[in-house]
Amino acid sequence: MESTLPGPVRAATNGEAPASRVRAMRVGVVSTYPPRACGIGTFSRDLRDALLGADDVAAVDLVAIVREDDGDQPAEVLTRIHQDQRGDYAAAARALERRADDVVVIQHEYGIFGGTEGEYILSLATELRQPMVLTLHTVLSAPSVRQAETLRALCDCAALVCVFTDTARRMILDARLVSPERVRVVPHGGPIELLPDCSATDGPARLAPRTDGRPSSTIGTGEPVLATFGLISPGKGIELAIAAMPEIVARHPQALYVIAGQTHPEVAKLHGEEYRISLERLARDLDLTDHVVFDDRFLDIDDLSSMLAATTIYLTPYRSREQIVSGALTFAIVAGCPTVSTPYFYAEDLLASGAGVLVPFDDPAALSAAVIGLLGEPERLARMRREARRVGAGLAWPQVGRQTVEVLREALALGPPSTARHPPPAVLPRARGSHLLTLVDDAGIVQHADGVVPVRSSGYCTDDVARLAVVALGLGRTTGAETYQRMLSRSLAFLRHAWSAEAGGMRNFMSYDRRWLDGPHSGDHLGRAAWALGEVVAAEPVAGLLEPCRVLLREMIPALAAQRSPRTMAFAALGLARADPEVLGEDATDVLRALAGRLADQQRANASPGWYWAEDLLAYDNARLPQALIAAGARLGDAEMVREGVRSLEWYTGELEIDGPWVQLVGHRGRRRGEPRSGHGDEQPLDAAALVEAQVEAFLVTGDDERARHAVRAFEWFLGRNRLQQSVYDFSTGGVHDGLGESELNPNEGAESTLAWLQALLVLDAAGLRATPPE
């Protein structure tokens with residue numbers, strides 16, 4: 001069989017394939033990629049090899065989606081995208097354009113991209129100038145609204161959409177994600193090295209001796225071998241197969257179940273080896289230590305080929321019907337393994353012709369009966385093996401690679417869909433946590449600094465710690481550093497300590513020696529704490545963080561409902577708008593509607609010609625008021641509320657003359673109705689950050705590019721687009737000056753200013769917008 005399916009040409013390290021007489025394509029692939037342990041990364045590596053073995057492909061450039069700890073990338077990787085840094089996505093699109101790739105393939109699975117339901121990939125897709133082919137590794141029968149919106153927008157950017165089976169095609173068409181004429185079915189490929197030798201008998205081969213120093217005697221030489229391999233996670237249902245083993249062993253005392261593969265990195269990150277340990281414990285409890293073998297390596301092709309060649313029956317006892325593709329099952333069928341599986345979508349399709357047997361979900365008895373039945377009927381098992389080999393021959397990568405090339409050629413002929421483009425962003429400074437770490441200790445963040453030296457006598461305040469929680473959440477997400485995870489937990493501990501359920505209020509000021517200086521009360525700090533908690537709940541962290549935040553925010557809801565101060569209402573509304581109502585409860589949505597409605601009513605009642613604002617004074621953190629209306633309106637589906645927020649934001653932005661040579665903020669002493677523009681006092685970073693975030697909010701909700709442009713200009717206030725034309729951000733320390741005076745910068749770099757900068761920077765980058773110092 002191998003003689004009729006020649007293997008792919010192995011590429012040189014620069015990703016170039018042999019020259020062809022016909023002009024060959026240069027292909028870009030956006031995906032996870034080794035050394036990141038990920039099934040889609042393995043798929044993309046094999047796809048690259050297969051494409052380079054085709055006559056029509058000259059080179060393949062990889063854009064690798066990485067975590068901070070993914071290690072060095074191989075030479076074929078053109079550029080990396082840090083998964084949770086949205087600005088990297090647009091930058092990668094420009095890198096592909098500079099490399100002159102003819103067509104780009106995006107491998108899609110919600111979890112490998114940053115943002116809500118992987119929405120950050122849209123920042124790359126909308127910037128591409130080449131035609132794009134979208135390959136869907138996940139198709140859900142009942143996607144959430146956000147999942148459907150994200151995937152539909154991504155499909156709109158694609159020239160063609162590829163799925164692995166006819167079932168997946170039917171599902172995306174039923175969901176109206178893409179028009180039928182733009183969908184192509186290309187099967188999942190498997191390595192040619194797994195194909196059984198044509199001269200082999202119908203029986204399984206023997207497992208090769210182990211080379212890792214572990215005893216090979218655990219495998220044996222004549223017993224039935226059952227196997228499951230891949231990245232281990234609870235969804236694999238391996239405990240069900242282990243639970244089926246006692247019945248199998250009773251009938252076949254030499255039976256062996258091999259479980260190969262390391263714990264999925266994302267599972268290990270959140271839960272460590274908890275699942276694997278539970279499987280090992282179950283095997284011991286069932287007295288199966290001689291019949292269940294764990295191999296915790298990420299198998300290379302030689303190890304995998306050896307294991308599958310020795311496999312009598314392959315098992316995929318997966319627990320979710322929604323799985324639309326399985327690389328592991330594909331590999332097993334290419335290797336000619338008869339399979340017993342639960343009836344998830346991909347297994348139904350791949351095993352339909354007789355290469356395997358389906359058993360109900362979560363039913364160890366049915367699984368054991370199916371295995372025992374096959375082992376007791378050698379001729380039936382042999383027929384199943386022959387059918388697996390027949391099906392698998394059509395799934396070898398050389399053949400699948402040729403089908404993929406045909407789709408790429410077709411996409412190239414179609415050209416890219418007509419989509420609006422945002423102006424290419426420029427360079428944004430990376431977030432530096434150095435000065436932040438100087439100000440933070442095990443209690444919170446010291447309020448003030450003398451230059452950059454923390455003034456401990458200034459103590460702490462809930463306002464700043466709430467801001468710190470939001471920043472720590474963002475930095476933890478974008479860097480993966482444990483430092484920021486600890487910072488977030490300590491910030492949340494401070495907020496919990498500040499809250500008094502009995503008084504229905506929150507303390508604000510704490511001395512450096514950890515004594516509260518005030519009693520529980522309402523105010524901006526209460527609203528900011530609610531905002532921080534809402535951001536954490538929306539991020540859906542591990543249960544140990546999520547549940548305490550959810551409980552605390554729910555405790556605060558009656559106190560939030562009673563607020564009347566515009567800023568307190570705005571801060572609280574931002575937090576409630578971020579959190580999922582299904583997590584927080586419908587009463588939280590009712591409070592959000594009441595707070596935002598109250599704020600909108602105040603604005604309409606107070607408005608007059610030349611003054612469209614909820615108060616008679618422009619004071620501090622001003623843009624949070626329209627931002628809250630926009631965010632709440634979007635969450636509640638209230639288009640009029642969104643319009644009310646955008647209208648007040650436009651008025652406020654005009655008062656700052658944002659389209660002039662520089663941005664001039666309202667001074668810290670405020671500006672009353674009827675007074676000249678700019679007001680009195682120093683301009684503060686707090687107001688610049690609020691303006692940036694309000695403009696980003698409006699951009700994300702309305703899609704108006706003018707809002708994006710204004711967000712960038714507002715951010716540039718930090719970098720010198722101000723009346724002193726000096727950078728308020730201190731590039732040497734990572735801190736931010738506390739204000740812009742009449743003729744000079746405030747020399748001190750305290751908590752509020754530094755947190756304002758970082759919060760604006762993270763929000764701007766998350767929106768895929770970047771800024772550069774003005775000329």
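In what follows, the structure referred to is the one given above.
Values in this document were obtained by computation on a predicted structure and should not be read as measured data.

Concerning the state of the cysteines
Covalently bonding the sulfur atom of one cysteine to the sulfur atom of another cysteine gives a disulfide. Counted under the stated rule, the structure contains zero disulfides. Sulfur of cysteine 38: no disulfide; nearest cysteine sulfur belongs to cysteine 162 and is 18 Å away. What makes cysteine 38 buried here is its relative accessible area of 9%. Here cysteine 162 falls in the buried class, since its relative accessible area comes to 7%.

Examining unusual backbone geometry
In terms of backbone geometry, most residues other than glycine have negative phi values and most peptide bonds are trans. Between proline 34 and the following residue, proline 35, the backbone shows a cis peptide bond with an omega angle of 20°. Even without being a glycine, arginine 176 presents a positive backbone phi close to 60°. Within the element layout of this structure, arginine 176 appears in the loop between helix H5 (166-174) and strand E7 (183-185). On the accessibility criterion, arginine 176 (69% relative accessible area) is exposed.

Remarks on the packing of helix H16 (residues 462-479) against helix H18 (residues 524-539)
A pair of packed helices can be characterised by two numbers: the angle between their axes and the separation between those axes. Following both chains from N to C, one finds H16 and H18 inclined at 20°, their axes separated by 8 Å at the closest point. With respect to their mutual orientation, H16 and H18 come out roughly parallel. Considering only the axes of H16 and H18, their crossing is left-handed. The segment H16 lies against H18, with Thr462, Asp463, Ala466, Arg467, Ala469, Val470, Leu473 and Arg477 engaging Asp524, His525, Arg528, Ala529, Ala532, Glu535, Val536 and Ala539. Here the residues of the contact of H16 with H18 are counted per class, giving eight nonpolar, two polar and six charged.

Here we look at the sheet that holds strand E10 (residues 292-295)
Spatially, the six strands line up as an open sheet ordered E10-E9-E8-E11-E12-E13, and their pairing is parallel. Bordering the open sheet on either side are E10 and strand E13 (356-358), each of which pairs with just one other strand. Strand-to-strand twist across the sheet, computed as the mean angle between neighbouring axes with direction ignored, equals 20°.

With respect to helix H6 (residues 238-251)
An ideal rise of 1.5 Å per residue puts 20 Å on 14 residues; H6 measures up with 20 Å between its terminal C-alpha atoms. By the largest-angle criterion, methionine 245 marks the main kink of H6, which is about 35°, and a proline, proline 246, follows within four residues. Within H6, the full set of buried residues consists of Ile238, Glu239, Leu240, Ala241, Ile242, Ala244, Met245, Ile248 and Val249. Where the residues of H6 are buried, they touch strand E8 (225-229), strand E9 (256-260), helix H8 (274-285), E10, strand E11 (313-316) and helix H12 (364-375).

Description of the nonpolar core
Counting 119 residues, the largest nonpolar core has Leu436, Met556, Leu691 and Phe718 as its most contacted members. Not counting chain neighbours up to four residues away, the residues in contact with leucine 691 comprise Ala623, Leu649, Tyr652, Thr653, Leu656, Ile658, Val663, Leu665 and Ala714. Val27, Val60, Leu122 and Ala347 belong to the second-largest nonpolar core, a separate cluster that totals 105 residues.

Overview of the packing of aromatic side chains
Per the stated rule, a full pass over the model turns up 20 aromatic pairs. Judged by centre distance (6.5 Å) and plane angle (65°), the rings of tyrosine 460 and phenylalanine 494 are edge-to-face. Taken together, the residues tyrosine 460 in strand E16 (residues 460-461) and phenylalanine 494 in helix H17 (residues 482-498) connect sequence positions 34 residues apart. On the basis of relative accessibility, which here comes to 0%, the residue tyrosine 460 falls in the buried class. With relative accessibility at 5%, the residue phenylalanine 494 sits in the buried group. Aromatic side chains tyrosine 460 and tyrosine 512 sit 6.0 Å apart centroid to centroid with 20° between the ring planes, which places their arrangement in the stacked category. With tyrosine 460 in strand E16 and tyrosine 512 in the loop between strand E19 (509-510) and H18, the pair connects residues that are 52 residues apart, well separated along the chain. Every member of this aromatic cluster is reached through a ring pair, and the members are Phe715, Trp717, Phe718, Tyr729, Phe731 and Trp757. Residue placement shows lysine 236 over the ring face of tyrosine 318; its charged tip is 4.8 Å from the ring centre.

Quick look at the packing of helix H26 (residues 705-715) against helix H27 (residues 751-766)
Orientation of H26 relative to H27, taken along the N-to-C sense of each, is 150°, at an axis distance of 11 Å. Relative to H27, the element H26 lies roughly antiparallel. Our pair here, H26 against H27, has a crossing hand that is left-handed. Every residue of H27 that contacts H26 at Ala711, Val712 and Phe715 is listed here: Trp757, Ala760, Leu761 and Leu764. The residue makeup of the contact of H26 with H27, split by class, is seven nonpolar, no polar and no charged.

Overview of the pattern of salt bridges
The final tally for this structure, using the stated rule, is 43 salt bridges. The salt bridge partner of arginine 567 is glutamate 615, with a shortest N-O separation of 2.6 Å. Residue arginine 567 is found in helix H20 (residues 566-578), and its partner glutamate 615 is found in the loop between helix H22 (586-606) and strand E20 (617-618); the two are separated by 48 residues along the sequence. Look at arginine 567 and you get buried, because its relative accessible area is 3%. Between arginine 673 and aspartate 616 there is a salt bridge, with the nearest N and O atoms lying 2.6 Å from each other. With arginine 673 in the loop between strand E21 (671-672) and helix H25 (685-702) and aspartate 616 in the loop between H22 and E20, this pair connects stretches of sequence that are 57 residues apart.

Some thoughts on empty space enclosed by the protein
Inspection of every chain in the model, using the stated rule, returns seven cavities of 30 Å³ or more. Put simply, the largest cavity is a space of about 120 Å³. Lining the largest cavity are 15 residues, and of these Phe43, Thr135, Cys162, Val186 and Thr404 sit closest to its centre. Breaking the lining of the largest cavity down by element, the ones donating at least two residues are helix H1 (39-52), strand E4 (103-108), strand E5 (132-136), strand E6 (160-163) and helix H14 (397-414). By residue number, the principal contributor to the lining of the largest cavity is H14, which donates four residues. Residue composition of the lining of the largest cavity, by class: twelve nonpolar, three polar and no charged. Taken as a whole, the second largest cavity spans an internal volume of roughly 90 Å³. Around the second largest cavity, the lining residues are Ala466, Arg467, Val470, Arg528, Trp531, Ala532, Asp621, Arg624, Leu686, Ala689, Ala756 and Gln759. Considering only residue class, the lining of the second largest cavity consists of seven nonpolar, one polar and four charged.

Cut-offs applied
Residues numbered from 1 in each chain as written. Predicted model: local features only at pLDDT ≥ 70, side-chain atom pairs only at ≥ 80, totals over all residues. Heavy atoms only, no water. Disulfide = S-S within 2.5 Å. Buried < 20%, exposed > 50% of the residue type's maximum accessible area, 1.4 Å probe, protein only. Helix = DSSP H or I, 4+ residues; strand = E, 2+ residues; numbered from the N terminus. Axes fitted to C-alpha atoms, helices over the stretch in contact; angles between N-to-C directions. Parallel < 35°, antiparallel > 145°, perpendicular 65-115°, else oblique. Left-handed = near helix turned anticlockwise from the far one by under 90°. Contact = heavy atoms within 4.5 Å. Nonpolar A, V, L, I, M, F, W, Y, C, P; charged D, E, K, R; others polar. Pairing = 2+ DSSP bridges. Expected span 1.5 Å × (residues − 1). Bend = angle between axes of the 7 residues up to and from the residue. Core = buried A, V, L, I, M, F, W, Y, C linked by side-chain atoms within 4.5 Å. Phe/Tyr/Trp six-rings, centres within 6.5 Å; stacked < 30°, edge-to-face > 60°. Lys NZ or Arg CZ within 6 Å of the ring centre and 35° of its normal. Salt bridge = Lys/Arg side-chain N within 4 Å of Asp/Glu carboxyl O. 1 Å grid on protein atoms, 1.4 Å probe; cavity = no way out; pocket = protein on both sides within 12 Å on 5 of 7 lines; lining within 4 Å. Points joined across faces, edges and corners; volume = space filled by probe spheres on them.

Keep in mind these numbers describe shape, not what the thing actually does.
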